[in-house]
Every structure is written in C-alpha cells, then in structure tokens.
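The primary structure of each chain is shown beneath.
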Amino acid sequence: MDYKTVELKFGTMRIYERGNETLYAYETKDPIDDQVILVKKGNALVSIEAPLFKDNVEELNDYIKSLDISKSYVLLVDHVATKDYLPEAKLHSTKEAINALRGGGPKGLFDGFVKAFGDKIQNDLRDDYEEVSSGIDFDGIHLTVLPKGEEFDVVIPSFNAVYTHMLGHDVHSIIAADSHADAIIGELNGFIKSGYELILTSHYVPENIEDVETKIAYVNNIKTIADGSKSKAEFIDKVKKEYPNYSGLNYLDITANSYFKE
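Read on for a plain summary of the structure. None of the values given here were measured: they were computed from a predicted structure.

## Examining the packing of helix H5 (residues 209–227) against helix H6 (residues 232–242)
Consideration 1: Two numbers describe how H5 lies on H6: the axes approach to 9 Å, and their chain directions differ by 140 degrees. When the axis of H5 is compared with that of H6, the two are oblique. Of the two elements, H5 crosses H6, and the hand of that crossing is right-handed. Taking contact as the criterion, the partners of Asn-221, Ile-222, Ile-225 and Ala-226 in H5 are, on H6, Phe-235, Lys-238, Val-239 and Glu-242.

As structure tokens, this is what we get:
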C-alpha cells in the first residue's frame, strides 16, 4: 500500500490515505522500538496504543494538534498510557486487557522501564478506562476487536488492515513451546485467509501478507529446530546460524527457556 513519509525530530511518520480516512504509523525510534497507530476521519482521531518516552509523547501530541482534531480516543491493547499523552482523550480497552494493563504484564513492563530509563518516562499512569468489545464506532471510525485472552487484535476495515502486538518478519519472536507456536500459526493463517493488505504492530514498521508467510515459515522452523536439539545452547546456536541477520536475540533466549527447562 502506498504511503508518504514525514521525518520528525525524534520519530518517523508513515501516512496512508484511503477515501476520507487517513492512517498514520508513527515509528518512535525509542529504546524499545515502539509504534503508535493513528486513524483519522474528519475531526475525529483514534490512537491505537500510546508512546512511552516523554520526547515521543510531546512530539506526537504536537503532531495530532496540527491535524485539527476535536474528538480523540485512545485504544490500548498491550501498552499503558501516561497522563501526558492526549489527556483529553478517553481510554478504551477490553475487560480482560484492562485487568492486564492495571496489574498484569503491561504494568510490570512499565514499572521496569521506569526503573531502567528514569525521568525519560513519566511515571504517572492513566486509569480511566472504558470497556469495549467487538465492533467499535469512534465518531465514524469503525474498528473491530478480535479478542485473544488478555490482549486483542484490531481490524481497521477502511484500510483492510489488522493491528496485532508483534510480527516482525526478520525479528525473533517469543514462542512458548509448540502449543503457543501452533496458536501463532493459526492466527497468522487467519490473516492470510482474511486477505489483509496491511499488518500493523507495536514494535515494527507496517508489513504485508508476504511478511506473514515469512513469519509462519519461521515459527514452523523453530518447532523443527527445537525438536532436533538436545539443549538450550544447541537450540540457540542452530537458530542463530539459520537466521544470522535476525534481531531480537532477547526474545530468542526467552523462547529457548520455554523449550528447554535447564
């Protein structure tokens, strides 16, 4: 899908237009490689996820102000929102995800990032959630929620796009043994069946169906390599040789720990 690029002081904005809607994919270029997705129609805007670092929060707030927005909303899936990001916008998430954002993995990660990066992150979180489920209409911006436990995917029909937390066709992924691998493959095959043109995530630039196919092959191969390895070290060594240019080695280590309880 065609897009134009705007280089900002800290991040990069990729802009997609279709009909009377605009989709913005903001690459923060922060230490944890965040992405924030914005969908605009008329004077309304929805932010899927939120930036974490103060520089990006200020930059994205200013960018959104330049768009002449009168109604804004934030839909959180796996990332919390600090009180300085779009303070006038209402927060939304599913019941299960809200519980996780308040006290589960996302909250734990946030606390860890605050300890690691100090005053580069505002440590005051918002907690004013409104619960959503299934189809959502934010002032004419139609989204569909696809629940999957404590998180969910988001379909953006006007762009034939889907948002999921992670993909990354050349990045290692956390795979918690074969059952989790099979669940990932099932979800990605669903993306192919649905024919999405654009795959949006929290930690990688927008991708396409070919990238999904690449990821399915990777996950299947991880299962094969794990089955043929006798130790964590052997598994990691084989995967690195198979995928020498992949980033996300910390994720590979987590996968290895899932397969090999040493």
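The rest of the description comes next.
## Things to note about the layout of surface pockets
Consideration 1: Estimates place the volume of the largest pocket at around 1,400 Å³.
Consideration 2: In this structure, the largest pocket is lined by 46 residues; those nearest its centre are His-165, Met-166, Ile-174, His-203 and Tyr-251.
Consideration 3: Of all the secondary structure elements, the ones that give two or more residues to the lining of the largest pocket are helix H3 (105–117), helix H4 (177–194) and helix H7 (249–259).
Consideration 4: Counting residues per element, the lining of the largest pocket draws most heavily on H4, at 6 residues.
Consideration 5: Of the residues assigned to the lining of the largest pocket, the class counts are 22 nonpolar, 14 polar and 10 charged.

## Concerning the packing of aromatic side chains
Consideration 1: Taken as a whole, this structure holds 11 aromatic pairs when the rule is applied.
Consideration 2: Seen from their ring centres, Tyr-243 and Tyr-246 are 4.7 Å apart, and the 50 degrees between their planes marks the pair as tilted. We note that Tyr-243, like Tyr-246, is buried.
Consideration 3: Taken together, Phe-53, Phe-113 and Phe-117 form an aromatic cluster joined through their ring pairs.
Consideration 4: Here the guanidinium or amino end of Lys-215 rests over the ring plane of Tyr-218, the centre of that ring lying 4.8 Å away.

## Some remarks on the sheet that holds strand S9 (residues 135–138)
Consideration 1: Spatial ordering of the open sheet is given by S9-S10-S11-S12-S13, a layout of 5 strands whose pairing is mixed. With partners counted over all chains shown, the strands left at the sheet margins are S9 and strand S13 (198–200), one partner each. On average, each strand axis in the sheet is inclined to that of its neighbour by 25 degrees, with strand direction left out of account.
Consideration 2: Across 4 bridges, S9 lies against strand S10 (residues 141–148) in antiparallel orientation. Looking at the pairing, Asp-137 lines up with His-142 of S10.

## A short note on the sheet that holds strand S1 (residues 4–7)
Consideration 1: With mixed pairing, 8 strands are arranged side by side in an open sheet as S1-S2-S3-S4-S5-S6-S7-S8. Two strands lie at the open edges of the sheet, namely S1 and strand S8 (129–131), each paired on one side alone. On average, each strand axis in the sheet is inclined to that of its neighbour by 25 degrees, with strand direction left out of account.
Consideration 2: In terms of strand pairing, strand S2 (residues 12–18) meets strand S3 (residues 21–27) through 7 bridges, oriented antiparallel. Along S3, the bridge assignment pairs Ile-15 with Tyr-24.
Consideration 3: Its contacts with the sheet place helix H2 (residues 95–103) against strand S7 (90–93) and S8, and it is angled at close to 155 degrees to S8.

## Examining the environment of Ala-226
Consideration 1: Mapped onto the elements, Ala-226 comes out in helix H5.
Consideration 2: Here Ala-226 falls in the buried class, since its relative accessible area comes to 9%.
Consideration 3: Counting along the chain gives 46 residues from Ala-226 to His-180, while the straight-line C-alpha distance between them is 13 Å.

## Here's the deal with the nonpolar core
Consideration 1: Formed by 31 residues in total, the largest nonpolar core has its most connected members in Leu-38, Leu-60, Leu-76 and Tyr-85.
Consideration 2: Elements represented by at least two residues in this core include exactly S2, S3, strand S4 (35–41), helix H1 (54–65), H2 and H3.
Consideration 3: With 4 residues, H1 is the single largest residue contributor to this core.
Consideration 4: In contact with Leu-38, not counting residues within four places along its chain, are Thr-22, Leu-23, Tyr-24, Leu-45, Val-46, Ser-47, Leu-60, Ile-64 and Tyr-85.
Consideration 5: Formed by 28 residues, the second largest nonpolar core is a distinct cluster that contains Ile-175, Tyr-196, Val-239 and Phe-260.

## Notes on H4
Consideration 1: An ideal rise of 1.5 Å per residue puts 26 Å on 18 residues; H4 measures up with 26 Å between its terminal C-alpha atoms.
Consideration 2: What H4 keeps buried is the set Ala-181, Ile-184, Ile-185, Leu-188 and Phe-191. Buried residues of H4 fall within an arc of 110 degrees about the axis and therefore sit on the same side. Exposed residues lying more than 90 degrees from the buried face of H4 are Ser-179 and Lys-193.
Consideration 3: In this fold, the buried residues of H4 make contact with strand S11 (151–156), strand S12 (161–163), S13, H5 and H7.

What counts and how
- Residues numbered from 1 in each chain as written.
- Predicted model: local features only at pLDDT ≥ 70, side-chain atom pairs only at ≥ 80, totals over all residues.
- Heavy atoms only, no water.
- Axes fitted to C-alpha atoms, helices over the stretch in contact; angles between N-to-C directions.
- Helix = DSSP H or I, 4+ residues; strand = E, 2+ residues; numbered from the N terminus.
- Parallel < 35°, antiparallel > 145°, perpendicular 65-115°, else oblique.
- Left-handed = near helix turned anticlockwise from the far one by under 90°.
- Contact = heavy atoms within 4.5 Å.
- 1 Å grid on protein atoms, 1.4 Å probe; cavity = no way out; pocket = protein on both sides within 12 Å on 5 of 7 lines; lining within 4 Å.
- Points joined across faces, edges and corners; volume = space filled by probe spheres on them.
- Nonpolar A, V, L, I, M, F, W, Y, C, P; charged D, E, K, R; others polar.
- Phe/Tyr/Trp six-rings, centres within 6.5 Å; stacked < 30°, edge-to-face > 60°.
- Buried < 20%, exposed > 50% of the residue type's maximum accessible area, 1.4 Å probe, protein only.
- Lys NZ or Arg CZ within 6 Å of the ring centre and 35° of its normal.
- Pairing = 2+ DSSP bridges.
- Core = buried A, V, L, I, M, F, W, Y, C linked by side-chain atoms within 4.5 Å.
- Expected span 1.5 Å × (residues − 1).
- Arc of directions from axis to C-beta.

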